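A closer look at the structure
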Amino acid sequence: MEKRITYHEQTDIENTLKLREVLKTLPPFCRDYFRAVEPTTTTKTRISYAYDIRIFFQFLLDENPAFKDYTMQDFTVQVLDQVNALDIEEYQEYLKVYKTGDKTETNGERGLKRKISALRSFYAYYFKREMIHTNPTVLVDVPKIHQKSIVRLDTDEVSILLDYIEHCGDHLTGQKRVFYEKTKERDLALVTLLLGTGIRVSECVGLDVEDIDFKNNGIKVTRKGGNEMVVYFGPEVEKALKKYLEVREGITPLAGHEHALFYSAQRRRIGVQAVENLVKKYAREVTTTKKITPHKLRSTYGTALYQETGDIYLVADVLGHKDVNTTRKHYAALDDNRRRQAATAVKLREES
């Protein structure tokens, strides 16, 4: 029997081929670094690193007079020793606004931090192997990230959202009504699953129908980094999934998409962008003040779970955070609310 290639394996194959193409646009010596980080990174991470490091070399070509006669292929590893801390600071400044062809690119705090972190990792590899004698990236501070408040749906908004998906067809006519009826059970199952498990949108679109276990009410998800984990769901998710699966049985998928849990209107595995669009479409009708995305549904689940259990380690585990400090950082505001309660919980003197 032929082994089934999973969505994540297929994505890895496509990303590996894409990475090879990107590496052709980088200085030849860079390949050593990408070969070395392969065991500890995902293909998606390596592609991001490759793009980020290419921007650094493009900066040297465009902005540094010492390399005005160079091409990308002329750079050797020795060039890394010609760059000093001041150059890295100039690169940080450059990253805020720069041009690629006719397009103007910008980076906020997170984009800056990611690109400097990629460069640090790149330099560290060659420095550890004594192929270069200096590492100016460690002399420059990484940009500070200011935490944003968590945007999430309140309990009543969750209820309104699910009710809306279930009944908004009552107000539609013609083709809109036909399309709604066709996708209603899928959309309801998808949004209920996101709200009821807190899985990432990438994990959701990667689900195969074989990943659902109704005996234990669990789904097998492939987390960031490639680890598999079973996430459990409650009766509301079970009901929505079972109703959708009845509809799914009547769909004839395109070749190669037979195992996908959620199908697009084109009868292929639904993509991340399509899920983001449908979540935004429905959420707009429920709240105009909050920009709701699939990730915000994840935050909604994480918040509800933390409020119910008070167990930050459980929340970290279920959300698939490798480091509990990531979770604590996101849900610190909730801890603050609990601490405020402590101020009035203890009475020092009985009121007379």
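Structural notes, computed from the coordinates. These numbers were taken from a predicted model, which means no experiment stands behind them. (Residues numbered from 1 in each chain as written. Predicted model: local features only at pLDDT ≥ 70, side-chain atom pairs only at ≥ 80, totals over all residues. Heavy atoms only, no water.)

**Let's talk about the side chain of Arg269**
- Secondary-structure assignment places Arg269 in the loop between α9 (235-248) and α10 (272-284).
- Within polar-contact distance, the side chain of Arg269 engages the backbone oxygen of Gly206 at 3.5 Å.
- If sequence neighbours within four positions are ignored, Arg269 has contacts with Tyr7, Val205, Gly206, Leu207, Asp208, His257, His259, Ala260, Leu261, Phe262, Tyr263 and Ser264. (Helix = DSSP H or I, 4+ residues; strand = E, 2+ residues; numbered from the N terminus. Polar contact = N/O pair within 3.5 Å; in protein donor to acceptor, adjacent residues only side chain to side chain. Contact = heavy atoms within 4.5 Å.)

**Quick notes on the pairing of strand β4 (residues 218-222)**
- Among the five residues that make up β4, four are buried, leaving the element largely enclosed by the rest of the structure.
- Judged from the two bridges that link them, strand β3 (residues 212-213) and β4 form a sheet pairing that is antiparallel. Across the sheet, residue Asp213 finds its bridge partner in β4, namely Gly218.
- Count of turn residues in the β3/β4 antiparallel hairpin: four residues, of which Asn217 carries a positive phi of about 50°.
- Across five bridges, the pairing between β4 and strand β5 (residues 228-232) is antiparallel. Considered in β5, the bridge of Thr222 is made with Glu228.
- The antiparallel pairing of β4 with β5 creates a hairpin that spans five residues between the two strands, and Gly225 there sits at a positive phi of about 95°. (Buried < 20%, exposed > 50% of the residue type's maximum accessible area, 1.4 Å probe, protein only. Pairing = 2+ DSSP bridges.)

Taken by themselves, the reported measurements are silent on function.
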